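# Notes for the structure review
What follows is each chain in one-letter form.
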Amino acid sequence: LVPLVPLVLFNFDKRSTASASKRITTMAAAAKEAKNMEYVPPKVWEYKPQGGKFGSINQPTAGPRTEKELPKGKHALQLHSLATPNGVKVTMMLEELNESYGLEYDAWKINIMEGDQFSSGFVKANPNSKIPALLHYHEGADKKPRRVFESASILMYLAEQFDEKNLFLPKDIDARSETISWVMWQMGSAPYLGGGFGHFYNYAPVKIKYAINRFAMETKRQLDVLERHLSGKEDSKFSGGKYIVGDSYTIADMAIWPWYGALALGKLYSAGEFLQVDKYPSVVAWAKRIGERKGAIRGRMVNRSWGEKSEQLPERHDASDFDELVSSEK
């Protein structure tokens, strides 16, 4: 902070005196506030319950907190998830596979606000206690399932196991490597959008200007990365297409869209105006294009229990569940 210096005022009237006094008072108050907000880290950090939306859930330890097994349906694929962006990635893929190959699965909702992710059953499926988690009973219902966790890992697993025509993970090495590169880009970038910008802009108990500005800047940089790629400004043979990997719809789109597509459409953190998403027209057009796909529409509904009733399908056990949802709304 710059120290206040004496003000030498000549030939001033009462109005200018009052104005100068108000400025000095404001600056002094700001300096006091900054001093009060200053945090000096202790030599050793100790856990104390935090405020905010997730304050009562977050702890510095791993492992189960409750004893409860996961439910199991009739299909070989058992998904335990929630319709957050990371969860939607996987249900988008599963719905695309259902439409293309008739692949069925059961989807069970994990309520992360109630700590379902810390049950003994879920921790077996994912030791990191994060959704989504997939159990594949590949040897039969009475055998121990194969677990797959982390959304990108699940996308790639589903593509390799069930996408016989290589519709969503290309066989061509150039297109395949481009697809995987963009999936990994999303995995590395989204924490700045979600855990960074989203947390401090939307969830943190106090608004911290530095934190919001820092992560807003990075989020806009990431949007510009996508804008340059989708608009064709990037020097790549896959740049300028309808989708991330040229004109092929892949798991790269499924990985990126629930985060950045939702942001571009104003459906994430109510931050569209703040971030001026209209400055990224190619991203917005791409987001709208994917949002019209049946797989994306249905994928957003699975494991959702908030928003419009017509968009909620907390549990999914068969493709006909969507038809029943529509019928119940009439």
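Up top is the structure.
Since this is a predicted model, take the numbers as computed values, not measurements.

### Some details on the pattern of salt bridges
As enumerated under the stated definition, the model contains nine salt bridges in all. Between Arg-316 and Glu-95 there is a salt bridge, with its nearest N and O atoms 3.1 Å apart. Linking Arg-316 in the loop between helix H10 (294–301) and helix H11 (320–329) with Glu-95 in helix H2 (residues 85–101), this pair joins segments that are 221 residues apart in sequence. Assigned by exposure class, Arg-316 and Glu-95 land together as buried. When salt bridges that share partners are traced, they join Glu-95, Glu-104 and Arg-316 into one network.

### Some thoughts on the pairing of strand S2 (residues 106–109)
Relative to S2, strand S1 (residues 77–81) is paired through four bridges, and the arrangement is parallel. Looking at S2, one finds that Gln-78 is bridged to Asp-106. Between S1 and its parallel partner S2, the chain crosses via H2, and the hand of that crossover is right-handed.

### Here we look at the side chain of Asn-126
By secondary structure assignment, the location of Asn-126 is in the loop between helix H3 (120–125) and strand S3 (133–136). A distance of 2.9 Å separates a polar atom in the side chain of Asn-126 from the backbone nitrogen of Asn-128. Among the polar contacts listed, one links the side chain of Asn-126 to the backbone oxygen of Lys-130, at a separation of 2.7 Å. Beyond its immediate chain neighbours, meaning those up to four positions away, Asn-126 contacts Pro-132, Ala-133 and Phe-149.

Thresholds applied
Residues numbered from 1 in each chain as written. Predicted model: local features only at pLDDT ≥ 70, side-chain atom pairs only at ≥ 80, totals over all residues. Heavy atoms only, no water. Salt bridge = Lys/Arg side-chain N within 4 Å of Asp/Glu carboxyl O. Helix = DSSP H or I, 4+ residues; strand = E, 2+ residues; numbered from the N terminus. Buried < 20%, exposed > 50% of the residue type's maximum accessible area, 1.4 Å probe, protein only. Pairing = 2+ DSSP bridges. Right-handed = clockwise from strand over helix to strand, strands pointing away. Polar contact = N/O pair within 3.5 Å; in protein donor to acceptor, adjacent residues only side chain to side chain. Contact = heavy atoms within 4.5 Å.

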